[in-house]
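For reference, the chains in residue letters:
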Amino acid sequence: MLLALAVLAVLAVPQDTTVLRAATVLDGKGGVQHSVDILVVADRIVRITPRAPVPAGARLIDLGDRTVLPGLIDVHAHPSWYFNRQNRLHTASDGDTPAQAMLAAAANAYATLRAGFTTIQSVGSASDADLRDWIATQGLPGPRILTSLDPITDRRLSPDSLRAIVRQHKADGADLIKIFASGSIREGGQQTLSDSQLVAICGEAKALGLRTLVHAHSASSVRAATLAGCTEVEHGLFVTQDVLTLMAARGTYFDPQCALIFRNYLDNRAKYQGIGNYTDSGFAVMERMLPVAPQVIRTALATSGLKVVYGTDAVAGADGHNAEDLVCRVEQAGEAPMHAIMAATSLNAEALGRGNQIGAIAPGLEADIIAVDGDPLRDITAVRRVSFVMKAGQVVRF
Ligand SMILES: [Zn+2]
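Notes on the structure follow. (Residues numbered from 1 in each chain as written. Predicted model: local features only at pLDDT ≥ 70, side-chain atom pairs only at ≥ 80, totals over all residues. Heavy atoms only, no water.)

Focus: the pattern of salt bridges
Line of reasoning, step 1. Overall, the coordinates contain 17 salt bridges when judged by the stated rule.
Line of reasoning, step 2. Of the charged contacts, one joins glutamate 204 and arginine 167 as a salt bridge, the two residues approaching to 3.0 Å between their closest N and O atoms. Remark: arginine 167 occurs in helix H4 (residues 159-171) and glutamate 204 occurs in helix H5 (residues 195-208); sequence separation between them is 37 residues.
Line of reasoning, step 3. Its relative accessible area of 41% is what places arginine 167 among the partly exposed residues.
Line of reasoning, step 4. Linking aspartate 379 and arginine 385 is a salt bridge whose minimum nitrogen-to-oxygen distance equals 3.8 Å.
Line of reasoning, step 5. By relative accessible area, arginine 385 is classed as partly exposed at 35%.
Line of reasoning, step 6. Taken together, the salt bridges that share partners define one network made up of Asp43, Arg44, Arg144, Glu366 and Asp368. (Salt bridge = Lys/Arg side-chain N within 4 Å of Asp/Glu carboxyl O. Helix = DSSP H or I, 4+ residues; strand = E, 2+ residues; numbered from the N terminus. Buried < 20%, exposed > 50% of the residue type's maximum accessible area, 1.4 Å probe, protein only.)

Here it is as C-alpha cells:
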C-alpha cells in the first residue's frame, strides 16, 4: 500500500499537463534529440525525457514523425498592413474605419501564428499596442507581439526633441524604438537622420532600457547607427564589408531580408501600384534587388562574429508566409539549415532580450512549440508545412 502510494506520488502531475511525443526535436540552440517526450505544464516546458509511460492525468499529443521546433520568431513584421476590400493596400484615406483596420490586423496576426510564428516584433504602427495587449490578455489568437508604436523619422528635429519623443514612446508602452536612418530602397536608401540625431535617439533609448531598431540601407547610415550604439540594423542592402565588420565588433544585430519582401511586392504589384513610392521606378528597384538581397546575407554570414537575426519585413500579402526567408537563406544565400533555424529561434530571442523566456525547447521556457511535416535539415521547405502550433502551452493548430 505504501509502495503504491509512493508510485502514485511519483506519477501524479499537475492539472494542465501535456506530453508532446516527438520523433525529432530541434531545440533551437543547435541540439537534436530523437524519440523524446516534452512535458508541458500550463504555459511552461518542464522537462524533456526519453519516451516514457504517460503520467496519470496528463494529456498525450503524439506528433508522429513530424519535426518539432521552438515557435519561430520574426523580429520585423507589420501586421497592421493589409489589403482592403477593394483589393488595394489600406491607406488612411481609403474609407476603412479603425475597427475594420484592427480586424484586418487581427486576421494577419492569426495567419502569422498558424504559420508557426509565436512571437513577432511589429515595428511601425501605433495601433499595435492594442493588438499586442488583446492577444496577451484578452484571448485574441495571435503571436506574442513586441511593438515600437510609431517609428521616428523626422529629420528636422533637434536632439532634445528626439530624446523627448523616445521618452514619450516609453510612456505610451513601446517595447522598443524604431528609427528610419535612411530613405526607402525605392527612393535610393540614402542617409536621412544625422549621426548626432541617431546618437540622441539610441542613447536616450538605451538609458531607458529600450532597444533600438534602425531602418538603414546606405553604408553610411548603417555605420552611423552602429556607432550610435543602436541595437539592431534592418535591411542594409548597400552595406559594405568594413561596416559589417564594424557591426560584428560592436555587437550590433543585423536583420537583412532575403526574398519575401520583394517577391510579395512584385506578386501583389497591382494592389500597391500608384500608392506613395510604389511607382514604376520603385518596382524596378525592387526587381533589381532580388539577386542582391541573398548576396548581402551571404556576405553577412561570412563576417566573423556578426549576429544575423531573422526578420522578414512582412507587409500586406506576406502574413503567414513568414518562413519564406528561411527557405531563401538556405537555398539562395547558402546558410546551413540549422543555422537559419537558430537565427529564427534562439538568436532572435536573444536579440529581443528574451533568451531566458522563448526561442528554445528547454526546461523553464515558455511552451512555444511547433511541428513541421518533414525534416527541415534535409529540406528547408518543410518550414512551409507547419502542422502543429502551441503557444504558451495552448494548442492553436493541430
Ligand atoms: Zn519594415
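A look at the pairing of strand S10 (residues 211-218)
Line of reasoning, step 1. Where burial is concerned, most of S10 is hidden: eight out of the eight residues are buried.
Line of reasoning, step 2. Note that strand S9 (residues 176-180) and S10 share five bridges and pair parallel. Bridge pairing in S10 places isoleucine 179 opposite valine 214.
Line of reasoning, step 3. The parallel pair S9 and S10, bridged by H5, forms a crossover whose chirality is right-handed.
Line of reasoning, step 4. Here S10 runs beside strand S11 (residues 232-238); their pairing, made up of five bridges, is parallel. Bridging across to S11, serine 218 finds its partner in phenylalanine 238.
Line of reasoning, step 5. A crossover links S10 with its parallel partner S11, the connecting element being helix H6 (residues 219-227), and its sense is right-handed. (Pairing = 2+ DSSP bridges. Right-handed = clockwise from strand over helix to strand, strands pointing away.)

Focus: the packing of aromatic side chains
Line of reasoning, step 1. Summed over all chains, the structure comprises seven aromatic pairs.
Line of reasoning, step 2. Considering the side-chain rings of tyrosine 278 and phenylalanine 283, the 6.4 Å spacing of their centres and the 50 degrees angle between planes classify their relative orientation as tilted.
Line of reasoning, step 3. A residue is classified by how much of its surface remains accessible, and phenylalanine 283, at 0% relative accessible area, is buried.
Line of reasoning, step 4. Counting every residue linked through ring pairs, the aromatic cluster contains Phe83, Tyr265, Tyr272, Tyr278 and Phe283. (Phe/Tyr/Trp six-rings, centres within 6.5 Å; stacked < 30°, edge-to-face > 60°.)

Focus: the sheet that holds S11
Sheet strands pair by backbone hydrogen bonding; their relative direction is either parallel or antiparallel.
Line of reasoning, step 1. Ordered in space as S9-S10-S11-S12, the four strands form an open sheet in which the pairing is parallel. Taken across any chain shown, the strands that pair with only one partner, and hence form the sheet edges, are S9 and strand S12 (253-255). Strand-to-strand twist in this sheet, taken as the mean axis angle between neighbours without regard to direction, amounts to 25 degrees. (Axes fitted to C-alpha atoms, helices over the stretch in contact; angles between N-to-C directions.)

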